[in-house]
Amino acid sequence: MKTIRLPVHVAFIMDGNGRWATRRLRPRAYGHKMGVQNMFRICGHAFHLGVRIVTVFALSAENLSRPQAELDELYELFRTFFDKKKEKLLELNAKIHVIGDLAALPEDVQASMHALEAETAGITSALLNICVGYGARQDVLQAVNKAVALGRFVDDASFHALLLTAGVPDPDFIIRTGNERRLSNFLLYQAAYAELYFSSKMWPEFSRRDLEKALVDYAARSRRFGNVGGKE
Ligand code: IPE
Ligand code: IPE
Ligand code: MG
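Scope of this entry: the structure provided in the associated data block. Small disclaimer: the values here were computed from a predicted structure and weren't measured.

About the criteria used
- Residues numbered from 1 in each chain as written.
- Chains lettered and ligands numbered in written order.
- Predicted model: local features only at pLDDT ≥ 70, side-chain atom pairs only at ≥ 80, totals over all residues.
- Heavy atoms only, no water.
- Near = heavy atom within 4 Å.
- Polar contact = N/O pair within 3.5 Å; in protein donor to acceptor, adjacent residues only side chain to side chain.
- Areas by Shrake-Rupley, 256 points an atom, 1.4 Å probe, with all protein chains shown as cover.
- Helix = DSSP H or I, 4+ residues; strand = E, 2+ residues; numbered from the N terminus.
- Nonpolar A, V, L, I, M, F, W, Y, C, P; charged D, E, K, R; others polar.
- Buried < 20%, exposed > 50% of the residue type's maximum accessible area, 1.4 Å probe, protein only.
- Contact = heavy atoms within 4.5 Å.
- Axes fitted to C-alpha atoms, helices over the stretch in contact; angles between N-to-C directions.
- Parallel < 35°, antiparallel > 145°, perpendicular 65-115°, else oblique.
- Left-handed = near helix turned anticlockwise from the far one by under 90°.

## Side note on the site of ligand 1
Contacts to ligand 1 come from M14, D15, G16, N17, G18, R19, R28, H32, A58, N63 and R66. The backbone of G18 places a nitrogen or oxygen atom 2.9 Å from an oxygen atom of ligand 1. Protein burial of ligand 1: of its 370 Å² of free accessible surface, 88% is covered by the chains. Broken down by secondary-structure element, the contributors of at least two residues to the shell around ligand 1 are α1 (17-22) and α2 (28-49). Ranked by the residues each element gives to the shell around ligand 1, the list is headed by α1, at 3 residues. When the residues that make up the shell around ligand 1 are grouped by side-chain class, the tally is 2 nonpolar, 5 polar and 4 charged.

Spelled out as structure tokens, the structure:
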């Protein structure tokens, strides 16, 4: 089979869990549960196809103001997959990096996330960034404040180094499910030249085949980065 030009770094805004469940007369928490299962399926397939870096938006800084009952259900899912069933994450054979402000999370969940980061720290073949309590504006502001505190002017490279994604190349391709066309405070600085893809599928129903279709769409795009188009 002829191989296509793949993005190095794919980021997913995994949106639509709640609506997917509600439409099936199920509680939103069921949608989150199926959403996590789909995360394993889609991340596994992306790595299998040859994508090296995957970033998933699991919980935004703004999501932290959702009803406590929904947050508790999400924390219970994190508890399950970072601890009790951590082999599901380990099976991805990727270095796990949790990105965001974890302070709002229960301490045992924070500890299991750090433990899994340590356990996978030696893996170099694939990287999975999991954004939790993450907000791009908050990240940009903490980076600016750090530069000010250091009394330094920054350029693009030194600014990147102050962001929570330090050392990670910018996303080439951002896929958002859930039939919304916005970034919702995700990777705003790093997304400057990302190709964007919006799917009307809700995250739990976004399939391996949908991922392949998105990657074929990506391969057909001409990334000019402000320059004039070369020969395709
Ligand atoms: C995305 O699904 C997952 C999180 C934000 C935690 P939603 O929970 O936003 O689902 P919808 O958009 O309400 O359907
Ligand atoms: C974006 O989804 C955040 C995640 C997928 C984690 P939201 O459901 O929070 O986005 P909005 O509120 O529709 O913009
Ligand atoms: Mg949503």
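From this point, the discussion proceeds with the structure in view.
## Overview of the environment of Y193
As for its position among the elements, Y193 is in the loop between β5 (173-176) and β6 (195-198). A residue is classified by how much of its surface remains accessible, and Y193, at 47% relative accessible area, is partly exposed. When the C-alpha positions of Y193 and P171 are compared, they lie 8.3 Å apart, and in sequence the two are 22 residues distant. Beyond its immediate chain neighbours, meaning those up to four positions away, Y193 contacts R223, F225 and G226.

## So, the site of ligand 2
Taken together, I13, M14, D15, F57, A58, L59, N63, R66, R176, R182 and S184 form the complete shell of residues around ligand 2. S184 is positioned with one of its side-chain polar atoms (N or O) 2.6 Å from an oxygen atom of ligand 2. A total of 390 Å² of accessible area belongs to ligand 2 in isolation, and the protein chains cover 78% of it. Looking at the shell around ligand 2 element by element, the count peaks at 3 residues for strand β2 (residues 53-60). Residues that form the shell around ligand 2 fall into these classes: 5 nonpolar, 2 polar and 4 charged.

## Regarding the packing of helix α3 (residues 68-84) against helix α5 (residues 107-120)
With their axes 9 Å apart at the nearest point, α3 and α5 run at an angle of 30 degrees to one another. In this view, α3 runs roughly parallel relative to α5, as classed from their interaxial angle. Here the hand of the crossing between α3 and α5 comes out left-handed. Each of Y75, F78, R79, F82 and D83 in α3 lies in contact with α5, whose residues at this interface are D108, V109, S112, M113 and L116.

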